[in-house]
Number of protein chains: 2
Amino acid sequence: MIYVVGIGPGCYEQMTINAINALENSDVIVGYHVYIDLIKERFADKEFYQTPMMGEVDRCKKAIEIAKTGKTVSVISSGDSGVYGMATLVYELAEADIEIEVVAGVTAALSGGAVLGAPIAHDFSLISLSDLLTPYQLIKKRIDAVSSADMCIVIYNPSSKKRSAYLSECVDIIIKNQGEDIVCGVVRNIGRENTEYKLMTLKELKDYPVDMFCTVFIGNSQTKIINNKMITTRGYKIV
Amino acid sequence: MIYVVGIGPGCYEQMTINAINALENSDVIVGYHVYIDLIKERFADKEFYQTPMMGEVDRCKKAIEIAKTGKTVSVISSGDSGVYGMATLVYELAEADIEIEVVAGVTAALSGGAVLGAPIAHDFSLISLSDLLTPYQLIKKRIDAVSSADMCIVIYNPSSKKRSAYLSECVDIIIKNQGEDIVCGVVRNIGRENTEYKLMTLKELKDYPVDMFCTVFIGNSQTKIINNKMITTRGYKIV
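The following paragraphs examine the structure supplied in this document.

Definitions and cut-offs
- Residues numbered from 1 in each chain as written.
- Chains lettered and ligands numbered in written order.
- Predicted model: local features only at pLDDT ≥ 70, side-chain atom pairs only at ≥ 80, totals over all residues.
- Heavy atoms only, no water.
- Helix = DSSP H or I, 4+ residues; strand = E, 2+ residues; numbered from the N terminus.
- Rg over C-alpha atoms; globule rule 2.2 N^0.38 Å.
- Contact = heavy atoms within 4.5 Å.
- Areas by Shrake-Rupley, 256 points an atom, 1.4 Å probe, with all protein chains shown as cover.
- Lys, Arg positive; Asp, Glu negative; His and termini not counted.
- Charge placed at Lys NZ, Arg CZ, Asp CG, Glu CD.
- Core = buried A, V, L, I, M, F, W, Y, C linked by side-chain atoms within 4.5 Å.
- Buried < 20%, exposed > 50% of the residue type's maximum accessible area, 1.4 Å probe, protein only.
- Least-squares fit on C-alpha atoms with pLDDT ≥ 70 in both.
- Phe/Tyr/Trp six-rings, centres within 6.5 Å; stacked < 30°, edge-to-face > 60°.
- Lys NZ or Arg CZ within 6 Å of the ring centre and 35° of its normal.
- Pairing = 2+ DSSP bridges.
- Axes fitted to C-alpha atoms, helices over the stretch in contact; angles between N-to-C directions.
- Parallel < 35°, antiparallel > 145°, perpendicular 65-115°, else oblique.
- Left-handed = near helix turned anticlockwise from the far one by under 90°.
- Nonpolar A, V, L, I, M, F, W, Y, C, P; charged D, E, K, R; others polar.
- Buried area = accessible area lost by both parts, 1.4 Å probe.
- Salt bridge = Lys/Arg side-chain N within 4 Å of Asp/Glu carboxyl O.
- Polar contact = N/O pair within 3.5 Å; in protein donor to acceptor, adjacent residues only side chain to side chain.

Side note on the overall build of chain A
For chain A, the helix and strand inventory stands at eight helices and 13 strands. Against the 2.2 N^0.38 benchmark of 18 Å for 239 residues, chain A shows a C-alpha radius of gyration of 19 Å, consistent with a compact globule. On the principal axes, the C-alpha backbone points of chain A span a range of 55 × 40 × 30 Å. In chain A, 68% of the contacts between residues at least 6 apart in sequence involve partners at least 24 apart. Total accessible area on chain A stands at roughly 9600 Å², and carbon and sulfur atoms take up 48% of it. Here chain A carries 24 positive and 29 negative side-chain charges, and the mean point of each set is 5 Å from the other.

Structural data, given as structure tokens:
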């Protein structure tokens with residue numbers, strides 16, 4: 001039996017009861033070492049198997065190997081287990097006779113959205129700027145398509161050393177479609193002790209320094225700043 | 001103090017610890033009567049204020065009124081509190097001196113995704129077909145934009161009596177961009193006892209009967225059926 005568990009942004013309080021139950025019912029917990037560190041203390045009686053970044057395939061193969069011995073295994077992802085998470089690989093690699101249960105979790109679009117207020121209250125797109133598995137041309141095409149239809153956008157993996165110019169280039173595409181005054185927000189360290197956020201315009205986002213701990217939110221034409229929060233309005237008559 | 005709480009798809013087990021704590025710390029819980037019914041038993045010592053469908057503005061005004069008396073109030077949404085949830089209205093209606101905390105929850109794209117396997121493992125868009133507050137022309141423009149960029153799509157509110165043809169018309173737009181063989185899935189009653197799902201092609205989705213209890217998932221060109229689940233592959237080398 002394999003649970004593929006989304007543990008949310010990092011703190012215990014943002015896990016679901018289902019996620020906690022899955023981990024408690026497991027003999028072994030498998031994951032990227034940074035995520036294992038986040039949960040280790042709460043599940044100290046478990047056996048852990050951790051792998052470095054980029055070790056996704058090995059991690060899943062190991063989980064499947066352990067499940068075949070009759071043990072119950074949880075493979076953990078931060079955020080949700082489906083959204084850029086480990087669920088796909090587990091299904092691709094496991095034989096049909098291994099029972100798999102995917103346990104959903106709060107992805108950064110939701111946990112970061114809660115920090116900012118209500119930035120994705122209407123139709124939105126979630127796009128990763130990581131080009132490890134996706135051509136950058138396709139990423140830019142998606143950014144262009146969704147901003148041309150006035151959709152809110154959440155950007156995961158907004159920066160790394162190798163692709164420091166990507167966010168700025170993508171912002172240029174959005175400015176072309178939406179103008180430079182659209183409300184944006186950046187949240188850093190979601191669900192950790194030192195969570196911080198900053199609101200700005202698209203023009204300011206273009207040169208804003210983001211790192212791998214940031215999630216970027218870009219509003220649509222109906223997004224406003226209300227009481228220092230980023231709020232996408234939906235058109236209710238409120239008078 | 002107002003908490004705006006996403007309670008997930010309906011069952012207690014898909015709530016986060018933060019959501020449970022917020023409700024436990026509240027004197028009054030305010031919400032649409034169907035969602036109040038879902039949580040009533042677990043929080044039986046609370047005072048409840050429920051309103052019918054479409055009563056969103058009144059509901060928020062009532063919550064603000066109660067908060068002003070010094071009580072702690074939770075306004076609940078199903079799924080997440082930000083995604084088509086109540087957070088926007090609470091911020092729009094409340095005065096700046098009322099403390100507001102948004103508590104994220106598992107939206108149907110994630111909880112339904114877990115039922116199907118891993119349908120939104122890559123860049124995706126969330127689009128509601130409800131035209132109560134959004135012109136249908138804009139909805140179709142968004143469907144066209146995101147499908148032209150090979151993005152997975154999750155459709156909320158896929159049907160109602162007044163707009164029974166919308167899903168079929170939107171599927172036609174997607175077929176034009178993606179062909180009719182794209183893998184799709186429909187999940188019904190997510191998080192309830194009688195959850196069910198069905199996998200199909202876009203062509204089959206065109207005439208598939210959906211209702212207001214359904215969430216629709218449309219894959220991208222890399223989505224496959226593996227072991228009767230809907231899996232969007234990401235391009236990892238798995239051999």
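Next comes the rest of the write-up.
Describing the nonpolar core
Grouped together as the largest cluster of nonpolar side chains are 94 residues, with contacts concentrated most on A:Ile120 and B:Ile120. Ignoring anything within four residues of it in the chain, the contact list for A:Ile120 reads A:Ala109, A:Leu110, A:Cys152, A:Val154, A:Phe217, A:Thr232, B:Gly82, B:Val83 and B:Tyr84.

A word on the relation of the copies chain B and chain A
Between the two chain copies there is a screw-like relation: a rotation about an axis and a shift along it. With an RMSD of 0.0 Å, the fit of chain B onto chain A corresponds to turning through 180 degrees and sliding 0.0 Å along the axis. Such values leave the two copies arranged in the relation of a two-fold axis. Same-surface contact between copies: 100% of interface residues of chain B are shared with the interface of chain A.

Details of the packing of aromatic side chains
If you walk through the whole model with that rule in mind, you get seven aromatic pairs over all chains. Between A:Tyr32 and A:Tyr35 the ring centres are 5.0 Å apart and the planes differ by 85 degrees, which places this aromatic pair in the edge-to-face class. A:Tyr35 gets classed as partly exposed once you look at its relative accessible area, which sits at 22%. If you follow A:Lys40 out to its NZ or CZ, it ends over the ring of A:Phe48, 5.9 Å from the centre. For B:Arg42, the ring lying beneath its charged end belongs to B:Tyr12, and the centroid distance is 3.7 Å.

Comments concerning the sheet that holds strand 5 (residues 100–103) of chain A
All names here are of chain A. Pairing is parallel in the open sheet, where five strands are placed in the order 3-2-4-1-5. The open sheet has two edge strands with one neighbour each: strand 3 (47–51) and strand 5. Averaged over all adjacent pairs, the angle separating strand axes in this sheet is 20 degrees, with direction ignored. Pairing of strand 2 (residues 28–32) with strand 3, which is carried by five bridges, proceeds in the parallel orientation. Note that in strand 3 the partner of Tyr32 across the bridge is Thr51.

Some words on the pairing of strand 13 (residues 229–232) of chain B
Residue and element names in this part refer to chain B. Neither face of strand 13 is exposed, since Lys229 and Ile231 on one face and Met230 and Thr232 on the opposite face are all buried. Sheet analysis places strand 12 (residues 223–226) next to strand 13, joined by four bridges and oriented antiparallel. Each bridged residue has a counterpart across the sheet, and for Thr223 the counterpart in strand 13 is Thr232. Linking two consecutive strands that pair antiparallel, namely strand 12 and strand 13, is a turn of two residues; a positive phi of about 55 degrees is found at Asn227 within it.

Comments concerning the pairing of strand 9 (residues 183–188) of chain B
Residues and elements named next belong to chain B. Across the six residues that make up strand 9, a large majority, five, are buried. Bridge analysis of strand 9 against strand 10 (residues 196–201) gives six bridges, and the strand direction is antiparallel. For Gly185, the partnering residue across the bridge sits in strand 10 and is Leu199. Relative to strand 11 (residues 214–218), strand 9 runs antiparallel, the two being bridged by five bridges. Across the sheet, Val187 pairs through a bridge with Thr215, a residue of strand 11.

Some points on the environment of A:Gly82
Summarising the element assignment, A:Gly82 is placed in the loop between strand 4 (73–77) and helix 4 (87–93). Sequence-wise, A:Gly82 and A:Val5 are 77 residues apart; in three dimensions their C-alpha atoms are separated by 8.9 Å. What A:Gly82 contacts, discounting residues up to four positions off in sequence, is A:Ala87, B:Ile120 and B:Ala121.

Examining the packing of helix 6 (residues 136–148) of chain B against helix 7 (residues 166–178) of chain B
Packed helix pairs are characterised by how far apart their axes lie and by the angle those axes make with each other. All names here are of chain B. Closest axis-to-axis distance for the helix 6/helix 7 pair is 9 Å, and the angle between their directions is 30 degrees. The orientation of helix 6 with respect to helix 7, classified from their angle, is roughly parallel. For the crossing formed where helix 6 meets helix 7, the hand is right-handed. Judged by residue contacts, Tyr136, Lys140, Ile143, Asp144, Ser147 and Ser148 of helix 6 engage Tyr166, Glu169, Cys170, Ile173, Ile174, Lys176, Asn177 and Gln178 from helix 7. Per-class residue counts for the contact of helix 6 with helix 7 are six nonpolar, four polar and four charged.

Description of the environment of A:Lys71
Mapped onto the secondary structure, A:Lys71 falls in the loop between helix 3 (56–68) and strand 4. Sequence-wise, A:Lys71 and A:Ile2 are 69 residues apart; in three dimensions their C-alpha atoms are separated by 8.7 Å.

Comments concerning the interface of chain B and chain A
Facing the 66 residues of chain B at the interface are 66 residues of chain A. Across the chain B to chain A interface the summed buried area is about 5800 Å²; carbon plus sulfur atoms make up 62%. Three residues, B:Tyr91, B:Arg142 and B:Tyr236, lead the burial of chain B against chain A; their summed loss comes to 11% of the area buried on that side. Here chain B is connected to chain A by two salt bridges. Residue A:Asp123 pairs with B:Arg142 through a salt bridge whose shortest N-O separation is 2.9 Å. On inspection of chain B and its partner chain A, the count reaches 32 residue pairs in polar contact (both at pLDDT 80 or more). Elements with a contribution of two residues or more to the side of chain B that touches chain A: helix 1 (17–24), helix 3 (56–68), helix 4 (87–93), helix 5 (108–116), strand 6 (117–118), strand 7 (124–128), helix 6 and strand 13 of chain B. Strand direction decides the pairing type here: strand 7 (residues 124–128) of chain A and strand 7 of chain B, joined by three bridges, are antiparallel.

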